[in-house]
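Tertiary structure, described
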Amino acid sequence: MTAQPNHDGAPLAHLPLDALHRSLGARMAPFAGYDMPLQYASGIVSETLHTRQKAGVFDVSHMGQAILAGAGAARALESLTPGDLVGLAPGRMRYTQLLNEKGGVFDDLMVTRLPGVEERLLIVVNASRKLDDFALIRERLPQFDFIPLNRALIALQGPRAAAVLGALLPGAEDLPFMSWRAFEESVSSFFVSRSGYTGEDGFEISMRADRAELFVKALLENEDVAPAGLGARDALRLEAGLPLYGHDLDETTDPVEAGLAWSIGKRRRVEGGFPGFERIDAALRNGPPRLRVGLLPQTKAPVREGAILVSQSGEVAGHVTSGGFSPTLQRPIAMGYVAREYATPGVSLATELRGNRISLDVARLPFVAHRYFKA
Amino acid sequence: MSMLRFTKDHEYLRLDGDVATVGISDYAQVQLGDIVFVDLPKIGKKVTKGSELAVVESVKAASEVYAPVSGEVVEVNAELGEKPALVNDDPLAGGWLVKIRVENAGEVETLMDEAAYAGFVKTL
């Protein structure tokens, strides 16, 4: 059997909940410089299904959290992203992307306008990019206070998440989708947002690192809640058709071809004023040359990232950026980029897997319908 | 009497006469997690010790299984086509992968016995 991959020897950072993960039987694996729980004893399939049926709790403390503060911060951050941040009401949040000069995705992130008189934006970025993101924001927006937060971040996702969290933090169950509220509890505050990256209703809860273990233990006391690791998180986001930075998004990808045009506000499309506007404007007007699509391999074998896609006539059509097995659908699923002429559901493409030709049908995303909370 | 042997790559081999039943160890299936697909060789394929014999796919990744001995594939576990999770549930019996007619019995002697393999796993 192939040996398990080793990390490159660099010291791994440990999560505030490291000891709890191990006591729960987690198999730990290196990811983005952190020793992360990949899965617990019940396994990725079981954790994925449990999250879809009840609620899964994920430690996402490796992600970057920071506050950008100062009058005009939202307008200034718009110079780096195509999202409408000026239009964010206090307590509301939005998904957007930091862009490079060519309109490629430097990272994707969540931006929350915090309530209060002072203009403050809470941002949450990917673990693998946070140091670069923070450096970029500091360099480009030096006139603002930029405060990285050393807090734990826990995601509670699934149809039972609202009831479970509401029992611990009354009122949390009524938060609208994509909104944020602080709950003051004993000596510290819990930042609760109704958001996540699994396609389910759910929450991300930020708290002081030394409060995290008690909080997660309280969640786990509820029989509807099971711990879920990075493996389940990846399966859930792939089923939900959500792109993952470093796989489905990178600096060569623009948000339009990535299927993220919905996150570019109307005002921003007209006014521009973000990096790579020319390319993104052209892609919005004329359609991008390639598009992110779903792919259904017509085989029981998963087709993995990196597989080259060809058309029926043998032309190179694109490549797979995420591929695996869907626990919910009990079949292989994948995502990738294909030239626009192939980006229609039902188009049949092919790839080679261990010397065999495998057909894949272009499919609509998501594979599993989103169930975000609509009040 | 059948004889159980293990490789450092976590394959096992159970020898009956000159036919070896090959699979992955319990340690290996735990490490891989939920197995969702097994790619088996064709019957009649000649393999040499250490060459790729099969591929076991978990939710996350594909892992190669290497031939623990040289020989010819004489049977594959067709049941895994519908039930790949047998490898998780019962790796040493119902979850076997392949039967190989052993070419050189001396190769079997180079593999670890159960006690040696148990000791080896403890060092990992």
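Up top is the structure.
I will try to describe carefully the structure that is included in this document. A quick note: this is a predicted structure, and the numbers were derived from the prediction, not measured. (Residues numbered from 1 in each chain as written. Chains lettered and ligands numbered in written order. Predicted model: local features only at pLDDT ≥ 70, side-chain atom pairs only at ≥ 80, totals over all residues. Heavy atoms only, no water.)

What follows concerns the overall build of chain A. Check the secondary structure of chain A and you find nine helices and 20 strands. Relative to its length of 375 residues, chain A is compact, with a C-alpha radius of gyration of 21 Å against a globular reference of 21 Å. Dimensions of chain A along its principal axes, counting C-alpha atoms only, are 65 × 50 × 45 Å. Within chain A, buried positions represent 58% of all 375 residues. Long-range contacts, defined here as pairs at least 24 residues apart, represent 65% of the contacts in chain A between residues at least 6 apart. Summed over all atoms, the accessible surface of chain A reaches about 15,300 Å², with 53% contributed by carbon and sulfur. A gap of 4 Å separates the mean positions of the 40 positive and 43 negative side-chain charges of chain A. (Helix = DSSP H or I, 4+ residues; strand = E, 2+ residues; numbered from the N terminus. Rg over C-alpha atoms; globule rule 2.2 N^0.38 Å. Buried < 20%, exposed > 50% of the residue type's maximum accessible area, 1.4 Å probe, protein only. Contact = heavy atoms within 4.5 Å. Areas by Shrake-Rupley, 256 points an atom, 1.4 Å probe, with all protein chains shown as cover. Lys, Arg positive; Asp, Glu negative; His and termini not counted. Charge placed at Lys NZ, Arg CZ, Asp CG, Glu CD.)

Next up on the list: the environment of A:Pro30. All names here are of chain A. When you line up the elements, Pro 30 lands in strand S2 (residues 27-31). Residue classification places Pro 30 among the partly exposed residues on the basis of a relative accessible area of 38%. As for Pro 30 and Pro 159, which are separated by 129 residues in sequence, their C-alpha atoms are 30 Å apart.

A:Phe58, A:Val60, A:Tyr95, A:Met110, A:Leu249, A:Val256 and A:Ile280 are the most contacted members of the largest nonpolar core, which totals 29 residues. Mapped by element, the contributors of at least two residues to this core are strand S6 (93-99), strand S7 (105-113), strand S10 (151-157), helix H7 (230-239) and helix H9 (277-286) of chain A. In terms of residue count, the dominant contributor to this core is S6(A) (three residues). When residues no more than four places from it in sequence are discounted, the contact partners of A:Leu249 are A:Tyr95, A:Val105, A:Asp108, A:Pro243, A:Leu244, A:Ala258, A:Leu260 and A:Tyr337. By size, the runner-up hydrophobic cluster in this structure holds 26 residues, among which are B:Leu13, B:Leu15, B:Leu32 and B:Val73. (Core = buried A, V, L, I, M, F, W, Y, C linked by side-chain atoms within 4.5 Å.)

Okay, the pairing of strand S11 (residues 180-185) of chain A next. Of the strand pairs in this sheet, S11(A) and strand S12 (residues 188-193) of chain A are connected by six bridges, and their pairing is antiparallel. Each bridged residue has a counterpart across the sheet, and for A:Arg181 the counterpart in S12(A) is A:Val192. (Pairing = 2+ DSSP bridges.)

Now for the interface of chain A and chain B. Tallying the contact residues gives 19 residues for chain A and 26 residues for chain B. If you look at where chain A meets chain B, you find five salt bridges. Of the charged contacts in the structure, one is a salt bridge between A:Arg354 and B:Glu57, with a shortest N-O distance of 2.9 Å. Across the contact surface, chain A and chain B share 13 residue pairs in polar contact (both at pLDDT 80 or more). Elements represented by at least two residues in the side of chain A that touches chain B include exactly strand S3 (34-39), helix H2 (44-53), H7 and strand S17 (316-326) of chain A. Sort the elements by how many residues they give to the side of chain A that touches chain B and H2(A) lands first, with three residues. Per-class residue counts for the side of chain A that touches chain B are seven nonpolar, seven polar and five charged. (Salt bridge = Lys/Arg side-chain N within 4 Å of Asp/Glu carboxyl O. Polar contact = N/O pair within 3.5 Å; in protein donor to acceptor, adjacent residues only side chain to side chain. Nonpolar A, V, L, I, M, F, W, Y, C, P; charged D, E, K, R; others polar.)

On to the pattern of salt bridges. A side chain with one charge may pair with a side chain of the opposite charge, provided their charged atoms come close. Residues and elements named next belong to chain A. For the structure on display, the rule yields 32 salt bridges over all chains. One salt bridge in this structure joins Asp 248 and Arg 237, with 2.7 Å as the shortest N-O distance. Here Asp 248 is found in the loop between H7 and helix H8 (266-271), whereas its partner Arg 237 is found in helix H7, with eleven residues between them in sequence. By relative accessible area, which is 0% here, Asp 248 ends up buried. Classification of Arg 237 as buried rests on a relative accessible area of 3%. If you follow the salt bridges from partner to partner, you end up with Glu 78, Asp 84, Arg 267, Arg 268 and Glu 271 in one network.

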